[in-house]
Every structure is written in C-alpha cells, then in structure tokens.
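# Working through the structure, step by step
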Amino acid sequence: ARTSAGPLGQWSAEDARRLLGLEGRAHVETDAGVQPRHTLAHAVSRLAAADIHLAPHDLSDLDSTVLASCALGVPTVTTRFGAAAEILPGVARLVPPAVTLDASEGHRLAIMDVGGAVRELLELADDGEARRETGTHAREAMRRMDPAAVAARWHALLEPLTRA
C-alpha cells in the first residue's frame, strides 16, 4: 500500500481507513491491486463506484485518476500542490501539504497533511448532501474543461474578430 510520511510519522491509506473506523465503508486501491488485465474501463468503474476518492499525490503533476473521479462526479480529496492547486480549486477538496521537499532534478514533493485529509474525509463521509454537492460541482467543472467546450468558447470569442 502507498505510504506517506508526515509530521505524525509513516501512515498508509489502510492505517487511515482503520483509524477512521471505515473498514466496512472504504476500499483502498493499492498499486499491488493493479493488474495488467485491468483495463481503463475497469479503473473507471472502480472510481465511479466510490463515494469519495482520496488521492494524496505528492508530485507537481496531476494524477489522472483525480481528473477522472472529478469528471465522474466523485468527491475527490487531493493535495493542494502543483497542477492541482492551479486547476482544481473549488472542484476537489484540496488539503495543504504538511511539508514540501526538494527532490532530484529540480522537482518538488509534497506530503499531504494527515489531519487535513482526515477532516475532509470525515466531513464528506458524514454528510451526504456535501458529497452530492461536491460531486455535482466537480462534474460540472470538468464539463467546462472538456476540449470541445473550451474550443467552442474560443471560437465564440474569436469569430467576431474574423469578420472585421
């Protein structure tokens, strides 16, 4: 299972699930659970079945599962770092990093704040209306980011200039 380090020491998603008492309500997908036979459709169906997606990414790039879960309307909790901090405010629940570290080749890493993640997860787990609102907002925001929708907005903006 993926493990993160923070001011509270080492923790894993399994630890968080157990400590929050969510054994019967939460499934932890690990890297070991990904098999070559699994398809994109399998991954999407797993995300679509989730009530909440916790994605504590630690690199500045954006995990594609975060975008997919938002597009599916699954409330998503991820680290406010890198691309997520730029693209997802108001779309996903963003938890600040507890610490950022210098990595190789000028890259930075961010370790999600465990307490912040727990607060967001508990709020969403206990409040069905918050889950629905967060998921609906995420789905609508991702529709606006669809390449065809963006192209149509650009066309509407630039088309009058071509007539001049």
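As shown above, the structure is provided for reference.
Keep in mind the model is a prediction, meaning the values are calculated, not measured.

## Some details on a nonpolar patch on the surface
On the surface, a cluster of nonpolar side chains totalling about 450 Å² of accessible area is made up of W154, L157, L158 and L161. Along the polypeptide, W154 turns up in helix α7 (residues 147-162).

## A word on the side chain of T79
Mapped onto the fold, T79 is located in strand β4 (residues 76-79). Leaving out residues up to four positions away in the same chain, T79 has contacts with A55, P56, H57, A84, L94, V95, P97, A110 and M112.

## A word on the nonpolar core
Residues A55, L62, V66, C70, A84, L88, V91, A92, L94, A138, A141 and M142 constitute the largest nonpolar core, which totals 12 residues. Contributing elements (two or more residues each) for this core: α3 (64-71) and α6 (128-144). Among the elements that take part in this core, α6 stands out by supplying 3 residues, more than any other. Aside from chain neighbours lying at most four places away, what touches A138 is C70 and V91. By size, the runner-up hydrophobic cluster in this structure holds 7 residues, among which are V77, A117, L121 and L124.

## Points about the environment of R139
Topologically, R139 is positioned in helix α6. For R139, a relative accessible area of 27% puts it in the partly exposed group. Taking C-alpha positions, R139 is 8.6 Å from S69, a pair spaced 70 residues apart along the chain. Setting aside chain neighbours within four positions, we find R139 in contact with C70, A71, L72 and G73.

## Brief notes about α6
In this model α6 runs 25 Å from its N-terminal to its C-terminal C-alpha over 17 residues, within 8% of the 24 Å that 1.5 Å per residue would give. Restricting attention to buried positions, one finds in α6 the residues G128, A130, T134, G135, A138, A141 and M142. Looking straight down α6, one finds that the buried residues subtend no more than 165° of arc, so they occupy a single side. Turned more than 90 degrees off the buried face of α6, the exposed positions are R132 and R143. Turning to α6, the residues buried within the fold contact α3, β5 (93-95) and α5 (114-126). The residue sitting at the N-terminus of α6 and contributing the capping side-chain oxygen is D127; that oxygen lies 3.1 Å from the backbone nitrogen of E129.

Parameters at a glance
- Residues numbered from 1 in each chain as written.
- Predicted model: local features only at pLDDT ≥ 70, side-chain atom pairs only at ≥ 80, totals over all residues.
- Heavy atoms only, no water.
- Patch = residues over 30% accessible without salt bridge, like charges linked within 9 Å, V, L, I, M, F, W, Y side chains within 5 Å.
- Areas by Shrake-Rupley, 256 points an atom, 1.4 Å probe, with all protein chains shown as cover.
- Salt bridge = Lys/Arg side-chain N within 4 Å of Asp/Glu carboxyl O.
- Helix = DSSP H or I, 4+ residues; strand = E, 2+ residues; numbered from the N terminus.
- Contact = heavy atoms within 4.5 Å.
- Core = buried A, V, L, I, M, F, W, Y, C linked by side-chain atoms within 4.5 Å.
- Buried < 20%, exposed > 50% of the residue type's maximum accessible area, 1.4 Å probe, protein only.
- Expected span 1.5 Å × (residues − 1).
- Arc of directions from axis to C-beta.
- Polar contact = N/O pair within 3.5 Å; in protein donor to acceptor, adjacent residues only side chain to side chain.

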